[in-house]
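Observations on chain architecture
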Amino acid sequence: MTALRNRLFAKATAPAAVVLAVVTPLTAQTADVAGHWEGSVVAPGQPLVVMVDLEQTDGGWSGTIDIPAQGAVDLPLSGVAVEGETVRFTISRVPGEPTFEGTLADGAITGEFSQGPARLPFRLGRETVEADGPPRPQEPKPPFPYDAEDALYRNGEITIAGTLTLPPGEGKAPAALLISGSGALNRDLELAGHKPFLVLADHLTRLGIAVLRVDDRGVGGSTGNTLQSTSRDKAADVLAGVRFLRGHARIEPERVGLIGISEGGMVAPLAVNRVEPGTVAFTVLLAGTAVPGGDVLRRQLRRIAAANGASAEMIERLAALQDRALEIMGSEIPHADAAAALREVAAEQMAAQPETAQLSGEPLETALAQVVESNLSPWFRFFIRYDPGPALGGLHVPTLALFGGKDTQVDADQNQSAMEAALAPSGNPDVTIRRFADMNHLFQTAGTGSPAEYALIEETMAPEVLDLIGSWIVERFVD
């Protein structure tokens, strides 16, 4: 799913936190390595600017790294070693063990950066390097040829806040409500330095389609807590948004549809099945799941680990631990017993991948407790058990479903065939299912499809995907 994270670096899909660094024994050195360094890894396309701070502590070295293009700040370094003029360090908590190994000479550290099979040169110096934010050429900039207004409405005690963009003119427009994937995300679906929902909303509104995009529970102007709610609660929030749109003076109430990505592609059919026919006019399912969440996660683990260069042996070990964890989370045993059992599995996983033990600035015991709490949350336990098939079978509105052939989070082979099988008996005459061979989970043109690539790709959403979504809706609902 879009909130389940992890080729070159991988941490920028979530806000970085100051994390306790690993301290290694101090060895002899012939030059001063401590302090602030700036430079770049010579990556394909353009250099990737990095900023490194190294500190000599009692008996060892520690450090952090910033990667501005990925929005990463204070990522911890592990294995910091200074031996004579040789300097070596690794970015913690990132698949593929991204490692810098170089030589200090003439006031600079130069050498080789490695991550998985990648080998690239780097240079760090004392001079300041201009570091721009990640290039995002598709991100729209004002002035816009349409109107935008704040949206605020309620679902019971929950307040939902968002932005409604409206085509110009006095007539009523069709509308789409955008539904995010898993995790607590803002109205722009902001992750890895990208804002996919901002780009999509801009594209559709320019075509004459009003678009409502909202903050998830507990984010921005929305109240509540995402982890303490479920996909079923999210569907109720969606239907509150549909009611808001149908009552808006500039929206055609009979032409309000849903566009969901990842978990959102699962939530949309769930919402449609809870209202009278005609309430929702269409659905667009982007990388939507069509099998139970536990099965999605099993395939996801193997595909992401392989894309990040994990060995077959490590993949099997992690898969076995995941199976144990899913069995615990899907059981009906008392919460305290489930928490104790899951804590043992999480500890074994951290031992198998030591970098994952440094999850925050908190002690290990606190980090383990946070993992257990998240995985035993109402959201997670609902997700791994829920089978989207019946709701897909009840989907009787025009439906466009898209998949990415390189999606490692919602595997297309697994979910496209299951979706086709679920939709077939419904007799829905207007179903279009397409797969884009080179697209990842965010519908970017990708290399491996690993989430580690999301921040490195300039494209926020492939133009051909944007065009298909827009033309499909316009053909059916724009006069």
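Worth saying up front: this structure is predicted, and the values here are computed from it rather than measured.

Turning next to the overall build of the chain. Across its full length, the chain holds eleven helices and 17 strands. Expressed as a percentage of the 479 residues in the chain, the buried residues total 55%. Approximately 19200 Å² of the chain is accessible, and the part contributed by carbon and sulfur atoms is 52%.

The topology assignment puts A287 in the loop between β15 (283-286) and α4 (293-307). Once residues within four sequence positions are removed from consideration, A287 is found in contact with S262, L402, F403, D407, V410, H441 and F443.

A separate point is the pattern of salt bridges. A complete count under the given rule lists 23 salt bridges for this structure. Salt-bridge contacts for K195 lead to E139; the nearest nitrogen and oxygen are separated by 3.7 Å. Linking K195 in the loop between β12 (173-179) and α1 (196-206) with E139 in the loop between β9 (118-125) and β10 (147-155), this pair joins segments that are 56 residues apart in sequence. Residue E316 is joined to R302 by a salt bridge in which the shortest nitrogen-to-oxygen separation is 2.7 Å. Within this pair, whereas E316 is found in helix α5 (residues 312-329), its partner R302 is found in helix α4, the two being separated by 14 residues in sequence. In this structure, a network of salt bridges that share partners links the residues D295, R298 and D323.

Moving on to the packing of α4 against α5. Viewed as axis vectors pointing N to C, α4 and α5 meet at an angle of 160°, and their least axial separation amounts to 10 Å. Put simply, α4 runs roughly antiparallel to α5. The two elements α4 and α5 meet at a crossing, and its hand is right-handed. Contacts between α4 and α5 involve G294, L297, R298, L301, R302, A305 and A306 from the first element and I315, E316, L318, A319, Q322, D323 and L326 from the second. Residue composition of the contact of α4 with α5, by class: eight nonpolar, two polar and four charged.

Before going further, it helps to spend a moment on the sheet that holds strand β13 (residues 210-214). Spatial ordering of the open sheet is given by β10-β11-β13-β12-β14-β15-β16-β17, a layout of eight strands whose pairing is mixed. In this open sheet, the two edge strands, each paired with only one partner strand, are β10 and β17 (431-436). Looking at each pair of strands side by side, their axes are set apart by 20° on average, direction ignored. Sheet strands in contact with α1 are β11 (158-166), β12, β13 and β14 (251-261), and its direction is about 165° off that of β13.

A separate point is helix α6 (residues 335-352). Taking 1.5 Å as the rise per residue, α6 with 18 residues should run 26 Å; its terminal C-alpha atoms sit 25 Å apart, in good agreement. Buried within α6 are the following residues: A338, A339, L342, V345, A346, M350 and A352. The buried residues of α6 occupy an angular sector of 145° when the element is viewed end-on, so they sit on one face. Among the exposed residues of α6, those pointing more than 90 degrees away from its buried face are A336, E344 and A351.

Our next topic: the packing of aromatic side chains. With the rule as written, the count across this model stands at ten aromatic pairs. Seen in terms of ring centroids, W379 and F380 are 5.8 Å apart; in terms of plane orientation they differ by 80°. Their pairing is edge-to-face. For the residue pair W379 and F380, the accessibility class agrees, reading buried in each case. Among the aromatic residues, those joined into a ring-pair cluster are F89, F100, F113 and F122. Between the NZ or CZ atom of R126 and the centre of the ring of W37, over which it lies, the distance is 3.7 Å.

A few words now on the environment of H36. Its location among the elements puts H36 in strand β2 (residues 35-41). Residue H36 is classed as partly exposed on the basis of its relative accessible area of 32%. Within polar-contact distance, the side chain of H36 engages the side chain of E38 at 2.7 Å.

What follows deals with the pairing of β14. In the case of a regular strand, side chains alternate between the two sheet surfaces. Along β14, nine of the eleven residues are buried, which leaves the element largely enclosed by surrounding structure. Summarising the sheet, β12 and β14 pair through six bridges and their orientation is parallel. For A173, the partnering residue across the bridge sits in β14 and is I251. Where β14 and β15 come together, four bridges link them in parallel fashion. Following the sheet pairing, L258 is matched in β15 by T283.

For the rest of this paragraph, the subject is the confidence of the model for the chain. Mean pLDDT over the chain stands at 88; residues scoring 70 or higher make up 89%. This model gives residues 1-31 a pLDDT under 50, and the stretch forms 128 contacts once residues within four places in sequence are excluded. A low-confidence stretch, residues 356-362 (pLDDT under 50), is modelled with 23 contacts involving residues beyond four sequence positions or located in other chains.

With 18 residues, α5 extends 25 Å from end C-alpha to end C-alpha; this agrees with the ideal 26 Å at 1.5 Å per step. By the burial criterion, the buried members of α5 are I315, L318, A319, L321, Q322, A325, L326, I328 and M329.

Rules of the game
Residues numbered from 1 in each chain as written. Predicted model: local features only at pLDDT ≥ 70, side-chain atom pairs only at ≥ 80, totals over all residues. Heavy atoms only, no water. Helix = DSSP H or I, 4+ residues; strand = E, 2+ residues; numbered from the N terminus. Buried < 20%, exposed > 50% of the residue type's maximum accessible area, 1.4 Å probe, protein only. Areas by Shrake-Rupley, 256 points an atom, 1.4 Å probe, with all protein chains shown as cover. Contact = heavy atoms within 4.5 Å. Salt bridge = Lys/Arg side-chain N within 4 Å of Asp/Glu carboxyl O. Axes fitted to C-alpha atoms, helices over the stretch in contact; angles between N-to-C directions. Parallel < 35°, antiparallel > 145°, perpendicular 65-115°, else oblique. Left-handed = near helix turned anticlockwise from the far one by under 90°. Nonpolar A, V, L, I, M, F, W, Y, C, P; charged D, E, K, R; others polar. Pairing = 2+ DSSP bridges. Expected span 1.5 Å × (residues − 1). Arc of directions from axis to C-beta. Phe/Tyr/Trp six-rings, centres within 6.5 Å; stacked < 30°, edge-to-face > 60°. Lys NZ or Arg CZ within 6 Å of the ring centre and 35° of its normal. Polar contact = N/O pair within 3.5 Å; in protein donor to acceptor, adjacent residues only side chain to side chain. pLDDT = per-residue confidence, 0-100.

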